[in-house]
Amino acid sequence: MLGTGVVGRTLTEGLASSGHHVVIGTRDVGETMARSEPGPMGQEPFSQWRFRNPGIDLTTYSQAARRSELAVNATAGTGSLAALSEAGPEHLAGKVLVDVANPLDFSQGMPPLLSVVNVDSLAEQIQRALPETSVVKALNMVNHQVMVNPSRVPGRHDTFIAGNDDQAKETVRALLRGLGWKAKSIIDLGGIRAARGMEMYLPLWLTMLGQFGTPDFNIRIVRG
């Protein structure tokens with residue numbers, strides 16, 4: 001797991017609960033453990049979370065990537081390329097990288113803008129930066145708690161994946177099923193270019209969040 005924010009923590013707990021051994025990576029281990037203030041979403045300091053999850057190893061991006069069989073990019077989207085560069089393309093070569101990040105730019109306040117849009121996507125940028133890695137976009141269209149517990153949203157609803165490597169997408173399908181997503185609800189949108197639409201959904205998601213007052217919602221595709 002690359003990223004120690006609320007998404008990375010939640011996914012780490014969810015994957016560990018489903019039987020995976022998870023190592024979580026950060027830019028600076030000492031700095032991450034020394035933080036004592038709540039995070040930007042009000043989450044507890046990482047050291048408190050780590051105390052409750054003693055079985056999770058914390059290490060650098062580079063070591064986490066090197067030790068992994070599969071990596072998850074849960075870093076802030078505007079910093080993902082820098083974080084993955086620190087992780088080391090050589091440590092991610094030949095592996096599957098699940099990209100759950102969104103290129104949200106908060107520099108002009110709320111609501112955030114997208115730093116990549118229309119003719120490119122963060123996932124495509126990552127794939128170009130890591131040509132020997134199989135990047136699969138997934139789970140970026142739902143709240144972090146719904147990512148690991150889809151039953152928070154009643155009834156059937158769908159999640160999407162996109163990537164250029166079919167075998168890598170099958171690996172991610174299995175990962176999602178382990179988190180509770182039903183096989184028929186995992187919709188393959190095709191190549192990594194489809195990540196553009198997945199990421200551009202976020203402004204609508206944020207609008208609905210404001211209207212509904214809860215992040216526990218998702219969409220369902222109804223076909224005739």
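Caption draft 1: Seen up close, the pattern of salt bridges. Taken as a whole and judged by the stated rule, the model has 13 salt bridges. The partner of Arg-35 in a salt bridge is Glu-31, and the shortest N-O contact between them spans 3.5 Å. Given a relative accessible area of 45%, Glu-31 falls into the partly exposed group. The network of salt bridges with common partners includes Asp-99, Lys-137 and Glu-199.

Caption draft 2: Highlighting the packing of aromatic side chains. For the structure shown, the criterion picks out 3 aromatic pairs. Ring centres 5.2 Å apart and planes at 40° place the aromatic pair Phe-46 and Trp-49 in the tilted group. Here Phe-46 and its partner Trp-49 are both found in helix H3 (residues 46-52), 3 residues apart, which amounts to about one turn of the helix. You'll find Phe-46 and Trp-49 in the same group, each marked buried. Judged by centre distance (5.1 Å) and plane angle (85°), the rings of Phe-212 and Phe-217 are edge-to-face. Exposure remark for Phe-212: the relative accessible area of 48% places this residue in the partly exposed category. Residue class for Phe-217 comes out buried when judged on its relative accessible area of 8%.

Rules of the game
- Residues numbered from 1 in each chain as written.
- Predicted model: local features only at pLDDT ≥ 70, side-chain atom pairs only at ≥ 80, totals over all residues.
- Heavy atoms only, no water.
- Salt bridge = Lys/Arg side-chain N within 4 Å of Asp/Glu carboxyl O.
- Buried < 20%, exposed > 50% of the residue type's maximum accessible area, 1.4 Å probe, protein only.
- Phe/Tyr/Trp six-rings, centres within 6.5 Å; stacked < 30°, edge-to-face > 60°.
- Helix = DSSP H or I, 4+ residues; strand = E, 2+ residues; numbered from the N terminus.

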